[in-house]
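Chain by chain, the residues:
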Amino acid sequence: MEPAAHVLLLPFLLLMASLSPITAQEDGVDLYSLTMDSKVTLRFAHTTITSRVVNKAIEAREAIFQVELPKRAFITNFSMIIDGVTYPGEIKEKAAAQEKYSSAVAKGQSAGIIRATGRNLEQFQVSVNVAPTSKVTFELVYEELLKRQLGKYELMLKVQPQQLVKHLQIDIHIFEPQGISSLETESTFMTKNLADALTTTQNQTKAHIVFKPSVAQQQKEPGKVDTIVDGTFIVRYDVNRTSAIGDIQIENGYFVHHFAPAELSTLPKNVVFVIDKSGSMSGRKMKQTREALVKILTDLQPEDQFNLVIFSGHVTQWKPALLQASTKHVEEAKDFARSIQAQGSTNINEAVLVAVRMLDDSNRKEQLPEGSVSMVILLTDGEPTVGERNPEKIQENVKEAIGGQYYLYCLGFGFDVNYAFLEKLALENGGVARRIYEDSDADLQLQDFYQEVANPLLTMVKFQYPDNTVELLTQDSFRVFFKGSELVVAGKLQPQPQVQDLLSAQVKAQSHTQNFTFETEVNVEDKKKVFQSPKYIFHNFMERLWAYLTIQQLLEKAVSASGDEQKSLEAKALELSLKFSFVTPLTSMVVTKPEGQDQAQVVSKPVEADSKTIRSRLTFRSRPPLHFKSKIPKRKPGGTVDKAPALDSGGPEFKSDLRNLTGVQSRYKYDVEESHHSIPSSPGPIKKNSHFILSLSGQRNNRTQEALCVDIRELSQTPLNLLSDPVQGIEVTGEYEGSTDKFVWLQMSYRIPEMKVYVTQDSIVVTHGGRGKSSFYRWQGILYLVMPGLKLTLENGILLLSGSDKVTIGLVALNHPTPALQLFLGDPSHFSSQVSGVLGQFYQDLQWDSDGPNAEEDMWKLNVRGKKYMVTRKFVTDFQRSGGTTPLPTIPCWSLEQTLESED
């Protein structure tokens, strides 16, 4: 009889980390320690995951170590320590590991133990038999250069231990000599109690983030092994940029140069959107494409030129030539985009060539602004089915037509595309390929990609260093530099007869108005002293950074190369992969096991694959074997097994009292708690859900705080300016739909920190940095996002935006009795005298009319900037406490009896 399988899934740090389930048991394999340590130095992240387990059973059991790591990461080491003996992994050329790989496959055993599992993830899995009372330590190390996208570097951790862990700790050290300009953390599992286990310290150049929850803090309920730690943890940051030429750092004979100048004007662009409307795009794909295209068109600048090409079996141009992105043309294009319907076959070749000819015509007529950037953005979900169908011929046709003049970006929607074809098509023409995953946020994926290329700042960027001072340079010339990104060049300092005191650098580039030359020089010895803190530095990190970047660039060039050139590029990448012990697509790691166990397993890194391979990998996740289940059955005496309980998505432990979280209700002078207990006999009528509940300041019968319920009626402006406070840097807008008497959407915009929160009945979208990256959330989830001056929390269907010196804004998407978006406000003392808007008017010289009835009656008058409103004290549904569908409590609230007037 084979030993029972037990799963050990350890959270993985990233850039993206995932921890799969295991249940603590008295008679099985128990995970008692899990630590993750990530050191990020100059954007280069070195992460070590250490897991310790013990077999408490009286028989041997199988322990499965499983983590998820980013696709861009290279594993550098894996080892198991069993009873004091270390079993290391050995990295070899793929061909050298093939014999072990083939042997494992022939016996029907696991061989390839890295699998693509998501948009940016790969799953690593190793199993080993553990003798009774034996302990095993698993240690995995990986490295990755963080890429700056839309103005941020991002480190992400997905943690799902599915059991209580005696020693659970995450350590993130960040060291950036340029200085850390912004730092924020986000989590989808952090409750108020668990948040106490998170500490963040930061000075000018260093940050240390620690998450170390006690067993009690991890518990969903006292006395039970279920853990509340289940979700993602993210760190986002950026660095100071005081010098236009960027920052040069030196360590152990190597240097790295980061270049991301700020305060540059955006170049005008000429863009042709090529949209697949074949039959396979019908349904949600087409709907999301239309929605994304409308928003992308809105973001075009007046100096831009654009056009649309729509294709199936036939190719249709929206207009005969490029048009200026005037308000009139953009609105016409949006109307056209909304009318696109999916049907027909797929003629990719002709569609792209039409777009290129359109740019050629404008270029020939000298209608493209000097210094502008011209690009084609192709979106398709399938392979070519009509016209030219040979992928290699299409690549040849497009490359010849573009001739190095324009950029081609290819977006592959879903898994039916030939991604390898699109990737080569893009890379051969100065662009990149990106897979758009079929999900509820596909429109955001499309918008985010566009934002990455929407703001070109420089072209023809060339890095130059003095002759005979540097060697082994990574890529040092770039066709275009985009806002929010970063160019990185690394190399080795040449050995000198005597110590070289200075390293000088020059960066030349072009804009549409002028040519730039950026210059600097740094003291080599001074720079070397920067990296002498072992707490933040790992061994030879800059040499490894150089090797990582070189390998990535060689592999990328190999995609668009062929023949001897491709072999030469791959040979160089292989040599470096072996020298620095990186598991890349050209190498494999052989994982050894104790004698007598199954043969070694082979770690082989996958590449972005085409539909059949990816679908099989997704099937692997959607129908996991026993050891992937969320709960491991517990054996009873005699060999019977308890049925595994269902994985709970939430419970009473998540339903914290909102008053403890924000203090909004506790500021009401009414005894709210008493009213909750007396709902059946509440005095006065019960009013339907109000659009807004406002916490107000003002004197009325010695009461310093009142709740005012406000409904919007007959205000037709779209969008409505609900609230604007320039001192607070807050603006709230929304679209009211009179026919349904509800808000279609609400948006909160903040100036510091710069971000937007857009909510609908179905979803929440958080956009960092104005037009930066957008994150998509469901109301049913949990979110804990902390940044300087602002905190977002989503729990139990309530989204709160608050800060120590900011007004609290609460949002709820109710589903009962009818779907509706609701908003409430707290901390009104933070409003400035400049607050305005439909709701803001209630915070300007609000007065309770002294001529009204006495305080014991249920009617009163409000004087709002000269306007008189009668208000009636009623009991209303208190949507500030829960967004669920169960009956909600009520609170007393003063409700406007007249139609609300907009602010003059």
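Residues numbered from 1 in each chain as written. Predicted model: local features only at pLDDT ≥ 70, side-chain atom pairs only at ≥ 80, totals over all residues. Heavy atoms only, no water.

1. A closer look at the overall build of the chain
When helices and strands are tallied, the chain shows 15 helices and 52 strands. Buried positions account for 58% of the 904 residues belonging to the chain. Put simply, of all contacts in the chain between residues at least 6 apart along the chain, 69% involve residues at least 24 apart. (Helix = DSSP H or I, 4+ residues; strand = E, 2+ residues; numbered from the N terminus. Buried < 20%, exposed > 50% of the residue type's maximum accessible area, 1.4 Å probe, protein only. Contact = heavy atoms within 4.5 Å.)

2. A short note on the state of the cysteines
Inspection of every chain in the model, using the stated rule, returns one disulfide. The disulfide bridge from Cys709 ends at Cys893, spanning 2.2 Å between sulfur atoms. One quick way to see it: the torsion about the S-S bond of Cys709 and Cys893 is about 120 degrees, and its sign makes the bridge right-handed. Here the residue Cys709 occupies a position in strand β37 (residues 703-710), and Cys893 occupies one in strand β52 (residues 890-896), the gap between them amounting to 184 residues. For the residue pair Cys709 and Cys893, the accessibility class agrees, reading buried in each case. (Disulfide = S-S within 2.5 Å.)

3. Quick look at the confidence of the model for the chain
Looking at the chain as a whole, its pLDDT mean stands at 80, while 80% of the residues score no less than 70. Below pLDDT 50 for its whole length, residues 698-704 participates in 17 contacts with residues either more than four positions away or in separate chains. (pLDDT = per-residue confidence, 0-100.)

4. Some thoughts on empty space enclosed by the protein
All told, the structure shown has four cavities of 30 Å³ or more when counted by the stated rule. Space inside the largest cavity adds up to approximately 110 Å³. Elements with a contribution of two residues or more to the lining of the largest cavity: β20 (269-276), α4 (284-298), β24 (373-380) and α9 (442-453). In terms of residue count, α4 provides more of the lining of the largest cavity than any other element does, four residues in total. Here the lining of the largest cavity is composed, by residue class, of eleven nonpolar, one polar and no charged. (1 Å grid on protein atoms, 1.4 Å probe; cavity = no way out; pocket = protein on both sides within 12 Å on 5 of 7 lines; lining within 4 Å. Points joined across faces, edges and corners; volume = space filled by probe spheres on them. Nonpolar A, V, L, I, M, F, W, Y, C, P; charged D, E, K, R; others polar.)

5. Regarding helix α6 (residues 348-364)
Think of an α-helix as 3.6 residues a turn; residues three or four steps apart then line up on the same face. A rise of 1.5 Å per residue sets the reference length of α6, with its 17 residues, at 24 Å; its end C-alpha atoms lie 24 Å apart and thus fit the reference within 8%. Those residues of α6 that fall on the buried side of the exposure criterion are Ile348, Asn349, Ala351, Val352, Leu353, Val354, Ala355, Val356, Met358, Leu359 and Ser362. On the buried face of α6, the contacting elements are β20, β21 (305-311), β22 (315-317), β24, α7 (391-402) and α8 (419-427). Two residues or fewer past α6, Glu366 is found with a positive phi of approximately 55 degrees. (Expected span 1.5 Å × (residues − 1).)

6. A few points about the pattern of salt bridges
Applying the stated criterion across every chain, the model contains 28 salt bridges. Note that Lys56 is salt-bridged to Asp30, the shortest N-O span being 3.4 Å. Highlighted residues: Lys56 in the loop between β5 (44-55) and β6 (61-70) and Asp30 in strand β4 (residues 29-41), separated in sequence by 26 residues. Of the residues examined, Lys56 reaches a relative accessible area of 43% and is grouped as partly exposed. The closest approach of N and O atoms between Glu486 and Arg43, which form a salt bridge, is 2.8 Å. Placement of the pair is Glu486 in the loop between β29 (477-482) and β30 (487-493) and Arg43 in the loop between β4 and β5, with a sequence separation of 443 residues. Comparing Glu486 with Arg43 shows no difference in burial state: the two are buried. Taken together, the shared-partner salt bridges in this structure form one network comprising Arg43, Arg148, Glu176, Asp238, Arg241 and Glu486. (Salt bridge = Lys/Arg side-chain N within 4 Å of Asp/Glu carboxyl O.)

7. Some thoughts on the environment of Leu472
Topologically, Leu472 is positioned in the loop between β28 (470-471) and β29. Along the sequence, Leu472 and Ala490 sit 18 residues apart, while their C-alpha atoms lie 8.2 Å from each other.

8. Remarks on the sheet that holds strand β19 (residues 254-259)
Spatially, β18-β19-β30-β28 is the arrangement adopted by the four strands of the open sheet, whose pairing is antiparallel. Each edge of the open sheet is held by one strand with a lone partner, namely β18 (247-251) and β28. Sheet topology places β19 next to β30; six bridges connect them, and they run antiparallel. Bridged to Phe259 within β30 is Leu487. Its contacts with the sheet put helix α11 (residues 541-560) on β18, β19 and β30, and the angle it makes with β19 is roughly 60 degrees. (Pairing = 2+ DSSP bridges. Axes fitted to C-alpha atoms, helices over the stretch in contact; angles between N-to-C directions.)

9. Concerning the nonpolar core
Here is a general trend for soluble globular proteins: nonpolar side chains tend to be buried in one another's company. In this structure, Ile75, Phe78, Phe124, Phe138, Ile174, Met190 and Phe233 are the most contacted members of the largest nonpolar core, which totals 59 residues. With five residues, β4 is the single largest residue contributor to this core. With 53 residues, the next largest nonpolar core counts Ile712, Val759, Leu801 and Trp848 among its residues. (Core = buried A, V, L, I, M, F, W, Y, C linked by side-chain atoms within 4.5 Å.)

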